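# Residue-level structural notes
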Amino acid sequence: WIQPYSALRAANVLPLKELLRLACRAKAKPFHFISTLGVGYSSAGPQEIDECSDAFCDLDGVPLAYAQSKLVAEALVRAAGERGLPTTIFRPSFISGDSVSGISNDSDFISALIKGCIQMGAAPDLDWRLDAIPVDFTADAVMRLTTGSKAESGCRVFHLANPHGRYWRELVLWMNLYGYRIQLLPYEQWLMQFRTQDAPDFSLRPLAPFFER
């Protein structure tokens, strides 16, 4: 969330080139890539795009370097598809915990934000519609869409999003209902309180540059 593209290229782009080489070696093997819906949120592009649009024209408007790195990786996957390798791109929204057990990654962005707001006793008052999908649904969708059908050359793209998103203020209400006293504050006021947090276990400290943008 806070690293520049130059730092993320080594993790999200260069290894992908090696994996594509592996998929093309000897007998071609279907290649499935997990991207992010964030690649479509460019502030510099048109209001509507399709899979034929040149995403690189809008690269500078993609707000997070993480999404930029995924966009570059997608271009490599598409190029392989155009050369005959069966490829699939999945673009999930936020991936949340298991829908049954609730087990989740407690260090991801949403978990860190919720924990940080609980630690502060305050949350930013944002008109944010949260699109999150359970990890078990995501895994099941990927498996169903990549098995049982004949692999064909080219590139298929699937968006994995929640049709029933919930608003951030609802999450804050739920936290209060579960006993965590959290006050909604205007963003600048919340940010001022954020800057005063000095507890060593404050969960949002590593993400400080993201909130200061």
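In this convention, every chain numbers its residues from 1, walking through the sequence in written order. It should be noted that, the model being predicted, local features are given only for residues of pLDDT at least 70 and side-chain atom pairs only at 80 or more, the latter also being counted only at that level, while totals for whole chains, interfaces and linings use all residues. Computation of side-chain values: all heavy atoms of the structure, hydrogens and water removed.

### Describing the nonpolar core
Across soluble globular proteins, you tend to see nonpolar side chains buried next to one another. Residues Leu 113, Trp 168, Trp 190, Phe 194, Leu 204 and Phe 211 are the most contacted members of the largest nonpolar core, which totals 23 residues. Listing elements by their share of this core, those giving two or more residues are α4 (109-120), β4 (122-124), α6 (168-177) and α7 (187-195). It is α4 that contributes the most residues to this core, six residues altogether. Not counting the four nearest positions on each side in its chain, Phe 194 is found in contact with Met 120, Phe 202, Leu 204, Ala 208 and Phe 211. For our purposes a nonpolar core is just a set of buried Ala, Val, Leu, Ile, Met, Phe, Trp, Tyr and Cys residues, chained together by side-chain atoms within 4.5 Å. Accessible area is worked out with a 1.4 Å probe on protein chains only. A residue is then buried under 20% of its type maximum, exposed over 50%, and partly exposed in between. With 10 residues, the next largest nonpolar core counts Leu 20, Ala 73, Ala 80 and Leu 85 among its residues. Strands here mean DSSP runs of E at least two residues long; helices mean DSSP runs of H or I at least four residues long; both are numbered from the N terminus. We call two residues in contact when some of their heavy atoms are within 4.5 Å.

### Things to note about the pairing of strand β1 (residues 31-34)
Alternating residues of β1 divide into Phe 31 and Phe 33, all buried, and His 32 and Ile 34, none buried. Strands qualify as paired when DSSP identifies two bridges or more between them. Here four bridges tie β1 to strand β2 (residues 86-92), and the two strands are oriented parallel to one another. Considered in β2, the bridge of Phe 31 is made with Thr 87.

### Considering the state of the cysteines
Each disulfide consists of a covalent bond between the sulfur atoms of two cysteine residues. The term disulfide is used for any two cysteine sulfur atoms that are within 2.5 Å. Scanning the entire structure with this criterion turns up zero disulfides. No disulfide involves Cys 24; its nearest neighbouring cysteine sulfur is the one of Cys 155, lying 13 Å away. Judged by relative accessible area, Cys 24 falls into the partly exposed class, the value being 43%.

### Comments concerning the packing of helix α1 (residues 5-12) against helix α3 (residues 65-82)
The interhelical angle for the contact between α1 and α3, taken along N-to-C directions, is 45°, at an axis separation of 9 Å. When the axes of α1 and α3 are compared, the pair comes out oblique. α1 and α3 meet at a crossing whose hand is right-handed. The residues of α3 that touch α1, namely those facing Tyr 5, Leu 8 and Asn 12, are Ala 65, Tyr 66, Gln 68, Ser 69, Val 72 and Ala 73. Of the residues contributing to the contact of α1 with α3, the split by class is six nonpolar, three polar and no charged. For helices, the axis comes from a line fit to the C-alpha atoms of the stretch in contact; other axes are also lines fit to C-alpha atoms, and the angle between any two N-to-C directions lies between 0 and 180 degrees. By the definition adopted for this analysis, an angle is roughly parallel if under 35 degrees, roughly antiparallel if over 145, roughly perpendicular if from 65 to 115, and oblique otherwise. By definition, turning the near helix anticlockwise from the far helix through less than a right angle yields a left-handed crossing, and turning it clockwise yields a right-handed one. Amino acids outside the nonpolar list (Ala, Val, Leu, Ile, Met, Phe, Trp, Tyr, Cys, Pro) and the charged list (Asp, Glu, Lys, Arg) are all regarded as polar, and Gly is one of them.

### Points about the side chain of Ser 93
Position of Ser 93 relative to the elements: it lies in the loop between β2 and β3 (94-96). Judged by its relative accessible area of 12%, Ser 93 is buried.

### Observations concerning a nonpolar patch on the surface
Any residue with relative accessible area above 30% and no salt bridge may belong to a patch, with like charges joined within 9 Å and the nonpolar Val, Leu, Ile, Met, Phe, Trp and Tyr side chains within 5 Å. Only the protein chains shown count as cover for residues, and all accessible areas are computed by the Shrake-Rupley method using a 1.4 Å probe. One side-chain nitrogen of Lys or Arg within 4 Å of one carboxyl oxygen of Asp or Glu is enough to make a salt bridge. On the surface, Leu 173, Trp 174, Leu 177, Tyr 178 and Tyr 180 cluster together into a nonpolar patch covering about 620 Å² of accessible area. Along the chain, Leu 177 falls in helix α6.

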